[in-house]
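Examining the three-dimensional arrangement
The chain contents come next:
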Amino acid sequence: MSEIEELYENFPTILKEKLRNKEIEFPSNTKFDYEKIYVYRAVSREITDFHEIDKNDFRSYFELGKKPKKLVKGRSLKNDAHWYGVSTFTNKEIIEFNMKFPNPHKKMAAGYVHCEGGPQETKDEHVCWWLYKDVDLSSF
C-alpha cells in the first residue's frame with residue numbers, strides 16, 4: 001500500500017472512497033503537518049444542554065445532507081473537497097455574526113484544530129478541517 005493510500009485509510013468511508021477514486025482532491029494549500037490552530041465553531045445546543053463536544057458537533061455539510069448557504073451558481077459540490085470538511089474560524093466574531101448570537105439554539109465551542117485529527121486548509125480566518133475517522137476532539 002502506498003503512502004497516500006495509507007493516508008486515505010484514516011478518513012471516514014465516503015471521503016476515503018472519493019479520494020481513492022479521484023472524484024475529489026484536497027486544495028493545493030491543504031496542510032497535513034501543521035501547528036495547532038485555536039478555532040471557534042457554533043454547535044447546536046438548547047439553553048439547558050451542556051453535554052460535552054462530540055463527533056456529532058463536527059459533521060460536514062455532506063454528513064448533514066446540507067448545502068452551503070452561499071453556493072455559487074453552477075458550482076458542483078460533488079467534486080468539492082470543502083463539502084466533506086468541517087468549518088471553523090479563528091475569529092469568533094464571524095460565528096457570532098453568522099449564527100446571530102446570542103442564539104438560543106447554538107453555543108460556541110472553542111479548541112484546537114490539530115494535524116493528528118486531519119489535514120486543514122486556512123483561508124483568511126476560515127479553517128476547513130477534514131477529520132480522520134478516529135479524531136480526538138477532547139481539545140474542545
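On a predicted model such as this, the values are computed, not experimentally measured, just so you know.

Conventions adopted
- Going along each chain's sequence as written, the residues are numbered from 1 onward.
- Owing to the predicted nature of the model, reporting of local features is limited to residues with pLDDT of at least 70; listing and counting of side-chain atom pairs is limited to 80 or more, with chain, interface and lining totals taken over all residues.
- The basis for every side-chain value is the complete set of heavy atoms in the structure, and neither hydrogens nor water enter the calculation.
- Numbered from the N terminus, helices here are DSSP runs of H or I no shorter than four residues, and strands are runs of E no shorter than two.
- Per-residue accessibility, obtained with a 1.4 Å probe over protein chains only, is compared with the maximum for each type, and a residue is labelled buried under 20%, exposed over 50%, and partly exposed between these values.
- Whether two residues are in contact is decided by their heavy atoms: any pair within 4.5 Å suffices.
- By definition, two strands form a pair when at least two bridges between them are found by DSSP.
- Criterion for a salt bridge: a side-chain nitrogen of Lys or Arg within 4 Å of a carboxyl oxygen of Asp or Glu.

A short note on the environment of Y38
With respect to the element layout, Y38 can be found in strand β1 (residues 37–44). With a relative accessible area of 39%, Y38 lands in the partly exposed category. Filtering out sequence-adjacent residues up to four positions away, Y38 remains in contact with T90, A110, G111 and Y112.

Some words on the pairing of strand β4 (residues 120–123)
Here β4 runs beside strand β5 (residues 126–129); their pairing, made up of four bridges, is antiparallel. Each bridged residue has a counterpart across the sheet, and for E121 the counterpart in β5 is C128. Between β4 and the antiparallel strand that follows it, β5, lie two residues; D124 among them carries a positive phi value of about 55°.

Some remarks on the pattern of salt bridges
Within the structure shown, the criterion is met by five salt bridges. Of the charged contacts in the structure, one is a salt bridge between E9 and R20, with a shortest N-O distance of 2.0 Å. Taken together, the positions of E9 in the loop between α1 (3–8) and α2 (13–20) and R20 in helix α2 put the pair eleven residues apart, joining distant regions of the chain. Judged by relative accessible area, E9 falls into the partly exposed class, the value being 25%. According to the relative accessible area criterion, R20 is partly exposed, its value standing at 34%. One continuous salt-bridge network, built from bridges that share partners, spans E9, K16, E17 and R20.

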